[in-house]
Amino acid sequence: MFGKSIAIVLGLGIMSTALLAMRQKRYEVAAKISRTHWRLIEQQRDIWRFRAEVASKVRPDAIRMALESMKVQWRPIPHRLDAPAPPTQPRLATTPGVKDPDAIPVEFGG
């Protein structure tokens, strides 16, 4: 009887130790997540602060002065990129081995 009670007490002690270890691990993970989240928020704040700093220092008159000091001919960026090329004539597949002088060469993939 005494041996059984010792085994029960030891079993309960081991289970409680395991439970405390798991709880501590959960607290450590929650703290790590919290620190990582705080670091992410701080980095986002830094990004916004840097953006505001760049926006305050990059003014049109400052850009014009910098361009004039370079002594280089600059062109403005067009509002719209070049118009897309008009569609080409569709290329039809031909029978292999048949040489048609008017046929457009066709390759795999396009």
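In case you missed it, the structure is sitting above this.
Residues numbered from 1 in each chain as written. Predicted model: local features only at pLDDT ≥ 70, side-chain atom pairs only at ≥ 80, totals over all residues. Heavy atoms only, no water.

Quick look at the overall build of the chain
Put simply, the test is: Helical segments are the DSSP runs of H or I of at least four residues, strand segments are the runs of E of at least two, and each set is numbered from the N terminus. Any residue under 20% of the maximum accessible area for its type is buried, any over 50% is exposed, and the rest in between are partly exposed; the area is computed with a 1.4 Å probe on protein chains only. Residue-level accessible areas treat just the shown protein chains as cover; the underlying method is Shrake-Rupley with a 1.4 Å probe.
Of the regular secondary structure elements, the chain holds two helices and zero strands. The 110 residues of the chain split such that 0% are buried. Here the chain displays about 11,300 Å² of accessible surface, and carbon together with sulfur accounts for 66% of that area.

A few points about a positive patch on the surface
Quick reminder of the rule: Patch rule: a residue counts if its relative accessible area is over 30% and it has no salt bridge; like charges are joined within 9 Å, and nonpolar side chains (Val, Leu, Ile, Met, Phe, Trp, Tyr) within 5 Å. What counts as a salt bridge is simple: a side-chain nitrogen of Lys or Arg found within 4 Å of a carboxyl oxygen of Asp or Glu. When charges are counted, Lys and Arg are positive and Asp and Glu negative, with His and the chain ends excluded. Working definition for charges: the position is that of NZ of Lys, CZ of Arg, CG of Asp or CD of Glu.
A contiguous patch of positive charge, built from Lys 25, Lys 32, Arg 35 and Arg 39, is present on the exposed surface. Looking at the element boundaries, Arg 35 is found in helix α1 (residues 2-57). Given a relative accessible area of 52%, Arg 35 falls into the exposed group.

Topic: a nonpolar patch on the surface
Together, Val 54, Val 58, Ile 63, Leu 67, Met 70, Val 72 and Trp 74 make up a nonpolar patch on the protein surface, roughly 630 Å² of accessible area in all. Element by element, the count of residues in the nonpolar patch is highest for helix α2 (residues 60-70), at three residues. With respect to the element layout, Met 70 can be found in helix α2.

Observations regarding the pattern of salt bridges
One pass over the structure, following the stated rule, counts four salt bridges. The residue Glu 53 makes a salt bridge to Lys 57 at a minimum N-O spacing of 3.8 Å. Pair noted here: Glu 53 and Lys 57 are both in helix α1, with a separation of four residues, about one helical turn. Residue Glu 53 is classed as partly exposed on the basis of its relative accessible area of 37%. Across the pair Asp 61 and Arg 59 runs a salt bridge whose closest N-O atoms are separated by 3.5 Å.

Details of the packing of aromatic side chains
Pairs of aromatic rings are described using the distance from one ring centre to the other and the angle between the two planes. Note the cut-off: Only centres within 6.5 Å qualify two rings of Phe, Tyr or Trp (six-membered ring in Trp) as a pair; their planes then separate them into stacked at under 30 degrees, edge-to-face at over 60, and tilted for everything else. As a reminder, the over-ring test applies to NZ of lysine and CZ of arginine, requiring each to be within 6 Å of the ring centre and within 35 degrees of the ring normal.
One pass over the structure, following the stated rule, counts zero aromatic pairs. Seen from the ring of Tyr 27, Arg 26 lies directly overhead, with NZ or CZ sitting 5.6 Å from the centre. Seen from the ring of Trp 48, Arg 51 lies directly overhead, with NZ or CZ sitting 4.8 Å from the centre.

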